[in-house]
Amino acid sequence: MPTCWLVSEDDCHKPVHLPHHHVLTLGRGPETRIKDQKCSRRQVELRADCNKGLISVKQLGTNPTSVDNVVVGKGNQVTLKPGQRLHMVNQLYPYTVSFSEDTSSPTSAREGSKSNKRPLQRDEGEKESPARKVAVSSHREREADDPPLAEKAKPASAEVEPSFSAGHWNQGLKVSMQDPKLQVYKDEKVVVIKDKYPKARHHWLVLPWESIPSLKALRLKHCDLLKHMQHVGGSMVQQCPDGQKLRFRLGYHAIPSMSHVHLHVISQDFDSPCLKNKKHWNSFTTDYFIESEDVIAMLERDGKVAVKDGTSELLKLPLRCHVCHKEQATIPKLKDHLKTHLTS
Ligand code: AMP
Ligand code: ZN
């Protein structure tokens, strides 16, 4: 069985041996030479699985431990695999994990690059679902509402969130995506935030770091980025506790209200107090919602995304259940009806 080592990337101390299935608590102290008071003496609990080639990391301390820049969260547990980077606390004190067949301590991080005993790189291991690294809370914003769809004028004051005073209301996603408190996943290409006014039990937005104002600005060169956004969105579903139970759709609003391209990842229960009107409903249940796959196919075929004439009219269609297609007279009736399709 391979032997597991936790390797300090800063080369601050010798690699720490993690015997198979032993629980080891690490943090501030002589073993790690971490003196930072922000790091708890019992910051993380580590448990290696040498057969699977991974370590489970539980954050015990109050300040954030992270894996690949995603915060674990106190009491939460994630896996750390070769190629991934653990920061003990506050994005500091980086570590990697190494599994080697021989039992002598591996070379230090710096020497490792010259040695054959280098830690396995990420793509040599099992492909990691990015969102599995993410601790998603179930908190939902319920107070406010989002700006009305496809409305270019400033929305009614009740629907404008206060932070918009810093800029035009439709720039809100650009502000939210930069806020670490709202980020539930990020990598070098994209960030995922929870929709501030979720229209279902689970509703995330996947946004590229690259500034792309809207679907209209997409070109052939963006195909790989869009595929990555879809992959990340799919991983969010996979790691969601309701991922098996609920159906999800991944797609774009043909005419978005908010600036900066964003992929909606939304569960199909539509069980949310933020879903309030016909525009909301029709924007997710008619052809106003374009599947991610269709956007990518259109880009690959035509080099751009075309929105059909009359698309905005779709928002005025009668309310129709997306499961059984029965028409419903009002939003409250529709909501009652939707309950009949929910298993729990
Ligand atoms: P759309 O532009 O129509 O594709 O949708 C914009 C989405 O952004 C809606 O689902 C809103 O609920 C959501 N939203 C609006 N403002 C914010 C914000 N500041 N942070 C996160 N989500 C937001
Ligand atoms: Zn129905």
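Keep in mind it's a predicted model, so treat the numbers as computed, not measured.

*Asks:* Before we go on, may I ask you to explain the pairing of strand S14 (residues 248-253) in this structure?
*Replies:* Here is the key point about a regular strand: its side chains alternate between the two faces of the sheet. Among the six residues that make up S14, six are buried, leaving the element largely enclosed by the rest of the structure. The pairing of S14 with strand S15 (residues 263-267) spans four bridges and is antiparallel. Note on S15: the bridge partner recorded for Phe248 is Ser267. As judged from the three bridges shared by S14 and strand S16 (residues 289-291), these two strands associate in the antiparallel manner. What sits directly across from Gly251, in S16, is Glu291.

*Asks:* Explain the coordination of the zinc ion (ligand 2) to me, please; I cannot follow it from the model alone.
*Replies:* Around the zinc ion (ligand 2), the protein supplies Cys321 (SG), Cys324 (SG), His337 (NE2) and His341 (NE2) as donor atoms, at distances of 2.0 to 2.3 Å. Metal-centred angles of 104 to 121° between the four donor atoms at the zinc ion (ligand 2) mark the site as tetrahedral. All donor residues of the zinc ion (ligand 2) come from one chain, and their arrangement in sequence is C-x2-C-x12-H-x3-H. Separated by 16 residues along the polypeptide, Cys321 in the loop between helix H5 (292-302) and helix H6 (331-339) and His337 in helix H6 bring together distant segments of the chain.

*Asks:* I tried to follow the packing of aromatic side chains on my own but got confused; where do I start?
*Replies:* Note on aromatic pairs: each is described by the distance of the centres and the angle between the planes. If you walk through the whole model with that rule in mind, you get four aromatic pairs. Where Trp204 meets Phe248, the ring centres are 6.3 Å apart and the plane angle is 10°; that geometry is what we call stacked. Highlighted residues: Trp204 in strand S13 (residues 203-208) and Phe248 in strand S14, separated in sequence by 44 residues. Of the two residues, Trp204 and Phe248, both sit in the buried class.

*Asks:* Is there a simple way to explain the sheet that holds strand S11 (residues 183-186) in this structure?
*Replies:* Strands pair in a sheet through their backbones, by hydrogen bonds, and they do so in one of two ways: parallel or antiparallel. Across the sheet, six strands lie side by side as S11-S12-S13-S15-S14-S16; this open sheet has antiparallel pairing. Strand pairing shows two members of the sheet lacking a second neighbour, S11 and S16, which therefore form its edges. Neighbouring strand axes in the sheet, compared pairwise and without regard to direction, differ in orientation by 30° on average. Contacting S14, S15 and S16, H5 runs over the sheet at an angle of about 70° to S16.

*Asks:* What should I look at first to understand the packing of helix H3 (residues 223-239) against H5 in this one?
*Replies:* Between two packed helices, both the angle of their axes relative to each other and the distance between the axes serve to describe the pair. At a minimum axis separation of 10 Å, H3 and H5 run at an interaxial angle of 170°. Overall, the two elements H3 and H5 adopt an arrangement that is roughly antiparallel. Two secondary-structure elements touch here, H3 through Cys223, Leu226, Lys227 and Gln230 and H5 through Ser292, Glu293, Val295, Ile296, Leu299 and Glu300. The residue makeup of the contact of H3 with H5, split by class, is five nonpolar, two polar and three charged.

*Asks:* Hey, could you run me through the site of ligand 1 in this one?
*Replies:* Contacts to ligand 1 come from 19 residues, most closely from Ser176, Asp195, His253, His262 and His264. Contact between ligand 1 and Lys199: an oxygen atom at 3.2 Å from a side-chain N or O atom of the residue. In this structure, Ser257 approaches ligand 1 through a main-chain N or O atom, which is 2.9 Å from an oxygen atom. For ligand 1, the accessible surface in isolation is 510 Å², of which the surrounding protein chains cover 98%.

*Asks:* What should I look at first to understand unusual backbone geometry in this one?
*Replies:* What you tend to see is this: most non-glycine residues have negative phi, and most peptide bonds are trans. Although it is not a glycine, His260 adopts a positive phi angle of roughly 90°. Along the chain, His260 turns up in the loop between S14 and S15. Of note in the backbone geometry, His325 takes a positive phi value of approximately 70° without being a glycine. Summarising the element assignment, His325 is placed in the loop between H5 and H6.

Cut-offs applied
For every chain, the first residue of the written sequence is number 1, and numbering continues from 1 onward in sequence order. Chains and ligands are labelled sequentially in the order written, the chains with letters from A and the ligands with numbers from 1. In view of the model being predicted, local features appear only for residues whose pLDDT reaches at least 70, and side-chain atom pairs are presented and counted only at 80 or more, with totals across whole chains, interfaces and linings using the full set of residues. Values shown for side chains rest on all heavy atoms present in the structure; no hydrogens or waters enter the calculation. Note on classification: 1.4 Å probe, protein chains only; a residue is buried when its accessible area is under 20% of the maximum for its type, exposed when over 50%, partly exposed between these limits. The secondary structure listing takes helices from DSSP runs of H or I that are at least 4 residues long and strands from runs of E that are at least 2 residues long, numbered from the N terminus. Any two strands are treated as partners once DSSP identifies two or more bridges connecting them. Only nitrogen, oxygen and sulfur atoms count as donors, using a 2.8 Å cut-off from the metal that widens to 3.2 Å for Na, K and Ca. Water is left out, so coordination shells may look unfilled. A four-donor site is called tetrahedral if each angle lies between 85 and 135 degrees; a four-donor site is square planar, and a six-donor site octahedral, when trans pairs exceed 155 degrees and the remaining angles lie between 65 and 115; all other cases are labelled irregular. A pair of aromatic rings is counted whenever rings of Phe, Tyr or Trp (Trp by its six-membered ring) have centres within 6.5 Å, and the orientation is called stacked for planes under 30 degrees apart, edge-to-face for over 60 and tilted otherwise. Axis lines are fitted to C-alpha atoms, over the contacting stretch for helices. Their N-to-C directions set the angle, which ranges from 0 to 180 degrees. Residue contacts are defined here by distance: any two heavy atoms, one from each residue, within 4.5 Å place the two residues in contact. Roughly parallel refers to an angle under 35 degrees, roughly antiparallel to one over 145, roughly perpendicular to one between 65 and 115, and oblique to any angle outside these ranges. Note on residue classes: Ala, Val, Leu, Ile, Met, Phe, Trp, Tyr, Cys and Pro are nonpolar, Asp, Glu, Lys and Arg are charged, and everything else, Gly too, is polar. Any residue with a heavy atom positioned within 4 Å of a molecule or strand is treated as near that molecule or strand. Here a polar contact is recorded for every N or O atom pair within 3.5 Å, except that within protein the pair must consist of a potential hydrogen donor and a potential acceptor, and residues adjacent in sequence are included only if both atoms are side-chain atoms. In this description, accessible areas are obtained by the Shrake-Rupley approach with a 1.4 Å probe, and a residue is regarded as covered only by the protein chains that are shown.

Coordinates in, geometry out; function isn't part of it.
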